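# A structural walkthrough
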Amino acid sequence: MDADSKNMLAIHRVSEDERELVRLFLQELANHQRKVSDAYAARYTEHTVDDWTEACCDELASGHRWAAVAELDDRPVGFIKLGLDDGIGSIDDLVVLPEARGRGIGSQLMDWARREFSQRNIREIELTVSEGNDMALAFYERHGFRTATRTMRSSISPGT
């Protein structure tokens, strides 16, 4: 467990058995995506958050992904989920609850992720930021990330 006395912040690994904790953060991420990204607003519903939680916990159980939660004064305030894909580290999710933003929690989770990847001799990290999520984009750029590719989507109507 990492602790920072300035913020009384502790970061610890999350297990697949902590479904409600995982769901708390995935629900917040879905709520945030609905607000900032027209492209994702229609995709995040209560049903998909349940599916997403189940899939996330399955990944944690399989060992293909791992996650941590940040607690401020014993309250969960941040979450990060990591993975390895073809020798490249991935940050699948990084969420800080709205009431805890602006306190460096996201940066401390990012530092934790970098240590995790470094211990595995991973030298490159990638992630995806939704179009319209300008706060996240600025955060990641402050942490040294640069746009490498751009993914585009198009809907297909039935019968076309």
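Given the structure is predicted, the values throughout are model-derived calculations rather than measurements. (Residues numbered from 1 in each chain as written. Predicted model: local features only at pLDDT ≥ 70, side-chain atom pairs only at ≥ 80, totals over all residues. Heavy atoms only, no water.)

Here helix 1 (residues 19-36) is 18 residues long and its end C-alpha atoms lie 26 Å apart, about the 26 Å a rise of 1.5 Å per residue gives. Taken together, the buried positions of helix 1 are Leu21, Val22, Arg23, Phe25, Leu26, Gln27, Glu28, Leu29, Ala30, His32 and Gln33. (Helix = DSSP H or I, 4+ residues; strand = E, 2+ residues; numbered from the N terminus. Expected span 1.5 Å × (residues − 1). Buried < 20%, exposed > 50% of the residue type's maximum accessible area, 1.4 Å probe, protein only.)

It is worth spelling out helix 4 (residues 105-119) at this point. Its 15 residues give helix 4 an end-to-end C-alpha distance of 21 Å, which sits within 8% of 21 Å, the value for a rise of 1.5 Å per residue. Three or more residues of helix 4 are buried, namely Ile105, Gly106, Gln108, Leu109, Met110, Trp112, Ala113, Glu116 and Phe117. Two residues or fewer past helix 4, asparagine 121 is found with a positive phi of approximately 60°.

The next point concerns the packing of aromatic side chains. Enumeration according to the criterion identifies four aromatic pairs in this entry. Ring geometry for phenylalanine 139 and tyrosine 140: centres 5.2 Å apart, planes at 75°, overall edge-to-face. The pair formed by phenylalanine 139 and tyrosine 140 is uniform in burial state, with each residue classed as buried. In this structure an aromatic cluster arises from ring pairing among Phe139, Tyr140 and Phe145. Above the plane of the ring of tryptophan 66 lies arginine 120, whose end atom (NZ or CZ) is 4.1 Å from the centre. (Phe/Tyr/Trp six-rings, centres within 6.5 Å; stacked < 30°, edge-to-face > 60°. Lys NZ or Arg CZ within 6 Å of the ring centre and 35° of its normal.)

Put simply, the protein chain has an average pLDDT of 87, and 89% of its residues get 70 or more. Across the protein chain, helix 4 holds the top mean pLDDT of 97, while strand 1 (residues 2-4) sits lowest at 48. (pLDDT = per-residue confidence, 0-100.)

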